[in-house]
Amino acid sequence: MSDVVTRPRTTTKPQVERPRLYKVILINDDFTPRDFVTMVLKAEFRMTQEEAYRVMITAHRLGACVVAVYARDVAETKAARATEAGRAKGYPLLFTTEPEE
Ligand code: TYC
C-alpha cells in the first residue's frame, strides 16, 4: 500500500491571458502608385498577386484595409518595413498597427 497523502490544493494557478494580436492596416494616399503598393504587399506580407491587388484596391476605395494580424512585435516590424519601402522611393505609403478587440 502506498502511504502518499494527497491534500486538497490550496493555491490557484494564475490565469494568464493570451497576448493580444495586432492588425496591420494599409492607409490610402493619392500618390503611391497602385503597382508599387501591390508589390510591397507581396514582398512583405507574402501575398499572391491577387490577394495583394484586392487589399490595395480595398484601401484605395475605402481609405484603409486590414492587411493581416500578428503578434505585436511582428506586426510593428512588418508595418515599419513596408512603410520604409515607400519612404525609400519618396512615397507617403503608410502602414499602421492597432490591437484587435
Ligand atoms: N490611391 C493610390 C493611387 O491612386 C493607390 C494606393 C492604394 C495608394 C492603396 C495607397 O494604401 C494605398 N495611385
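Structure's up top.
Now for a quick tour of the structure. Computed from a predicted model, the values in this text were never measured in an experiment.

### Concerning the overall build of the chain
A tally of regular secondary structure across the chain gives 3 helices and 3 strands. Order of helices (α) and strands (β) in the chain, N terminus to C terminus: β-α-α-β-α-β. Taking 13 Å as the expected radius of gyration for a compact globule of 101 residues, we find that the chain reaches 22 Å, considerably beyond that expectation. Dimensions of the chain, computed from C-alpha atoms along their principal axes, come out at roughly 80 × 25 × 20 Å. The buried share of the chain, taken over its 101 residues, is 31%. Sequence separation of 24 or more characterises 71% of the internal contacts of the chain that already satisfy a separation of 6 or more. When the accessible area of the chain is evaluated, it comes to approximately 7,800 Å², of which 52% is carbon and sulfur surface. For the chain, the distance from the average position of its 16 positive side-chain charges to the average position of its 14 negative side-chain charges is 3 Å.

### Quick notes on the nonpolar core
Among the nonpolar cores identified, the biggest contains 23 residues, and Val24, Leu26, Leu41, Phe45, Val67 and Phe95 are the most heavily contacted of them. Those elements giving two or more residues to this core turn out to be strand S1 (21-27), helix H1 (34-45), helix H2 (49-62), strand S2 (64-71) and helix H3 (72-87). What Val67 contacts, discounting residues up to four positions off in sequence, is Val24, Ile25, Leu26, Leu41, Phe45, Met47, Val55 and Phe95.

### What to know about the packing of aromatic side chains
Taken as a whole and judged by the stated rule, the model has 3 aromatic pairs. Feature note: the residues Phe45, Tyr70 and Phe95 constitute an aromatic cluster, connected by ring pairs.

### A look at the side chain of Glu44
By the secondary structure assignment, Glu44 is in helix H1. Other than its neighbours up to four places away in sequence, Glu44 contacts Lys78, Arg81 and Ala82.

### Digging into the packing of H1 against H3
Packing of H1 against H3 leaves a shortest axis separation of 10 Å and a crossing angle of 145°. The two elements H1 and H3 cross, and the hand of that crossing is right-handed. Residues Phe36, Val40, Glu44 and Phe45 of H1 form the contact with H3, whose own contacting residues are Lys78, Arg81, Ala82, Ala85 and Gly86. Broken down by class, the residue content of the contact of H1 with H3 amounts to 5 nonpolar, 1 polar and 3 charged.

About the criteria used
- Residues numbered from 1 in each chain as written.
- Predicted model: local features only at pLDDT ≥ 70, side-chain atom pairs only at ≥ 80, totals over all residues.
- Heavy atoms only, no water.
- Helix = DSSP H or I, 4+ residues; strand = E, 2+ residues; numbered from the N terminus.
- Rg over C-alpha atoms; globule rule 2.2 N^0.38 Å.
- Buried < 20%, exposed > 50% of the residue type's maximum accessible area, 1.4 Å probe, protein only.
- Contact = heavy atoms within 4.5 Å.
- Areas by Shrake-Rupley, 256 points an atom, 1.4 Å probe, with all protein chains shown as cover.
- Lys, Arg positive; Asp, Glu negative; His and termini not counted.
- Charge placed at Lys NZ, Arg CZ, Asp CG, Glu CD.
- Core = buried A, V, L, I, M, F, W, Y, C linked by side-chain atoms within 4.5 Å.
- Phe/Tyr/Trp six-rings, centres within 6.5 Å; stacked < 30°, edge-to-face > 60°.
- Axes fitted to C-alpha atoms, helices over the stretch in contact; angles between N-to-C directions.
- Left-handed = near helix turned anticlockwise from the far one by under 90°.
- Nonpolar A, V, L, I, M, F, W, Y, C, P; charged D, E, K, R; others polar.

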